[in-house]
Structures are given as structure tokens and as C-alpha cells.
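An overview of the molecular structure
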Amino acid sequence: MFSSYGNEGWENLFNSLSSLYLLSGFLNYFYLICLIVLLIHFKFLNKNYFIFLSLFCFTPFIFNYVLFSPSYMPDQFKYVEEIAKLKSGNLEAFDISSYEGIKRGRLYVATYLFNFIPLISYYGVHALAFANKFLAIFLFIFLYSKIKIQYLIWIFLLPSFILYTSVSLRDFLIIFISTFSLIWLIERKLIKSLILIVLILPLKIQNFPSLVFVWLGVFIFRADRSIWLFALLLFLSGIIFFFFFEPIVNQLFFYKIAFILESGVQLSDLELELNILDSTPGIIEFLKQAPFYIFSSFLRPFPLEISNPLIFVIFLENLFIVGLFALFLYRIWIQQPKFRLMLAILFVGLSISLFIHAYTVINLGSFVRYKFSVFLPFLIALMYLYQKGLQSNE
């Protein structure tokens, strides 16, 4: 992916439409620079970070057609096409009664949310990357007073963070919404956090259970205030899981088979029953598999899975963010015992969605992409929880 796209890429970039492509990009870039200047002028942003954010906003020019072909992430074309249809009033209706309809529904929701982000131009495959940069600027402002600035800079320098804010995909939109929802949840802003969590359902249903678990644990069970209430939360969650085991596992198995088929494997190559759902694991087998999938979800990609420079970079990044997660987990548990139950709720919530991704997603590239969208907001939540504890002790 990070190997040069070669002469073909440069020829595609500098073809007859390149002037429009570059003009569109630079108009959006200078628009973001003006936005940063205004935010500094009105004291929403410290002027010391002007250069950092200016360079950060330039990266959409570096990825598509330069570091890799846009076809490497073909969904970008879908989002740009849908936003163009929406702007022109030609957006098609969709049917949620089928799997393809559900997938299209996710695209529609993301498109409508991107539509609320003001840009100068929506021309070119990189257009919505600048919408993601727009969101990143406001995430920077939001987190500036909530976590230490060095942690915030580290987050913005993560390779995956730079990547997903530099392409026209919904991944950063998911990260943005999830982060706000978790921070507001810790701050006990009931309605605000709930509204954002509901938005995650159509955007990334696999991430939804983790956020719902945390929300229910904090606002309904108040499990962060009593070990008995936390135990009740786990007990009732277990009862619900066992009661609805069959439809839950059938849905997970359905997604797993769908991801396998998307990777190019033929259905005939799989050792499945004539009725595919008859091949789903039983409850004992499923529970035996769960610890492995949860454990591996934190550690992947494994060293033996490193097959190219990109996977090596992701491997190092994962070591860094998981190490940070473990560090803040340890610090909060040892130094701030009053937050231990909140910490436990967050950890269980994160583990739920990581397990779902590990169980259903076979392709390593897809897994690390989906993992990052759920892992980073919880890491930021831990950073905020730790900082909140420090401030309360002063």
C-alpha cells in the first residue's frame, strides 16, 4: 500500500482533469487553514498548533494517487458519488429488507452526516478526506482541555489516524462520534451520549454493542458506583446472551461467512451444512472460542502476519496503542481506585466489539481497520478518565 503507485498513478493524477482535482483539493485545504486561523483568533485554539494542524490537513494530497491507488480503498468512490447525488437531489431510495440494502443504508447515513460538514468543493476522490480533517480539527479542540497535549499529539500522529483522516471513508466519522459519546458518557451527559450512540448503529453495527453496554452500565445500572451493581450488570448481560444465544450467534456466523466470501473464497470450498446456519457453533464451543478471539483481538497483527512494510507499521502502531492502553489501565487501577468500576465497564465494553470483529472478520487488513475504529475511542476515554482523576485529586 505504501509502495509507490508508479507512473500510472502519476499519469492518472496529471491527466486532463488534474487541474480540477488539484483546484478542488487546494480550495478545501485553504478553507481549512482559514478555519484554523478563525478558531485561533476567537481563542478556541492555541496559536502554537497552527503549523502542526496545517501540515496535518495537507495529507489528503499525499495518499490517493501518490502513496497508493484510490482503487486500493474503492469505497471512497461510493461516498463521493453518493454525496454528489445528495447535493444534486438525485439520491436513490434503498431497501433495508436485504443484506445489500442494509449495506447501502450505512452508506446513506454516512452520506447524510458528511452532508452537514461545510466544504468548498466536493469534486474528486479526496473531497471527503477534507471533511474528515474538518472533524479532526474540532476533535482536537474538544480533547485539548480533557487530556494532556502530548497524548493528543501522539493520537494525531498515529499512522492509522493520519490515514483515515486522509481518505474519503466513514472510519474517522465513526471514531469521531464514538469518542464524543464516550467522553460525554463519562461526564454523565445522558441524552447527548445516547444520541451519538444511536448514530453508530447504522454506521457500524459491530461497534454498537460496546457503547450500549457502557451506556447501560453507567446510566441504568449505575454499575460504576457499586461492585454489586456491576455484578448485576454482568449477570443480566449473561442471562440475555444465553436467552438470545441462537439469533446472536446466527447473525455473527452470517457476517463471518459474508466476510469470507468477500475475501474471494468460494462457498463450495467451505465445509458447511446444506443449511448454512446449521453449521453455527453450539454454546459450549462458542464459549471455548471466546477467550482466544478476545485475546487475539488485542494483539493482532501477530509478528508472523507481517508480510509487507504496511503490516509492519501497523504492527508497531498496535504495540504502541495497546501498550498505552495497558499503561492507563494500570495507572487508573492503582492510583485512582474510585474509577476501577468505570474502568471495568469500559474494558468489558471494548472487549465485546473487539470479539465481534475478531470472530467475524478473516481478512487482516479489514480487521485492523475495524479494530482501530473501536479501539481508539476507548483509549482516549481511558486517557480522559485518568486526567479527570488527577484533576479531582488536586
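Located above this text is the structure these notes cover.
Presented here is an overview of the structure given in this document.

Calculation criteria
Residues numbered from 1 in each chain as written. Predicted model: local features only at pLDDT ≥ 70, side-chain atom pairs only at ≥ 80, totals over all residues. Heavy atoms only, no water. Phe/Tyr/Trp six-rings, centres within 6.5 Å; stacked < 30°, edge-to-face > 60°. Helix = DSSP H or I, 4+ residues; strand = E, 2+ residues; numbered from the N terminus. Buried < 20%, exposed > 50% of the residue type's maximum accessible area, 1.4 Å probe, protein only. Lys NZ or Arg CZ within 6 Å of the ring centre and 35° of its normal. Salt bridge = Lys/Arg side-chain N within 4 Å of Asp/Glu carboxyl O. Contact = heavy atoms within 4.5 Å.

**Comments concerning the packing of aromatic side chains**
- Summed over the entire model, instances satisfying the criterion amount to 49 aromatic pairs.
- Aromatic pair Phe52 and Phe140: ring centres 6.4 Å apart, planes at 40°, arrangement tilted. Of this pair, Phe52 sits in helix α3 (residues 50-56) while Phe140 sits in helix α7 (residues 127-144), and the two are 88 residues apart along the sequence.
- Ring centres of Tyr293 and Tyr359 lie 5.3 Å apart, and the angle between their planes is 80°; on these two criteria the pair is classed as edge-to-face. Within this pair, whereas Tyr293 is found in helix α15 (residues 283-299), its partner Tyr359 is found in helix α17 (residues 340-360), the two being separated by 66 residues in sequence. Across the pair, exposure class does not vary: Tyr293 and Tyr359 are buried alike.
- The rings of Tyr49, Phe52, Phe56, Phe140, Tyr144, Phe156, Phe161 and Phe172 are connected pair by pair, giving a single aromatic cluster.
- If you follow Arg331 out to its NZ or CZ, it ends over the ring of Phe328, 5.9 Å from the centre.
- The positively charged end of Lys371 is found above the aromatic ring belonging to Phe375, 5.8 Å away from the centroid.

**A few points about the pattern of salt bridges**
- Taken as a whole and judged by the stated rule, the model has eight salt bridges.
- Lys85 is paired through a salt bridge with Glu82; the nearest N and O atoms lie 3.9 Å apart. Residue Lys85 and its partner Glu82 are located together in helix α5 (residues 75-88), separated by three residues, close to a single helical turn.
- We classify Glu82 as buried; its relative accessible area is 3%.
- The shortest N-O distance in the salt bridge between Arg300 and Glu305 comes to 2.7 Å.

**Overview of helix α8 (residues 149-156)**
- If you check which residues of α8 are buried, you get Tyr151, Leu152, Ile153, Ile155 and Phe156.
- Tucked inside the fold, the buried residues of α8 contact α3, α7, α9 (159-164), α16 (309-335) and α18 (364-393).

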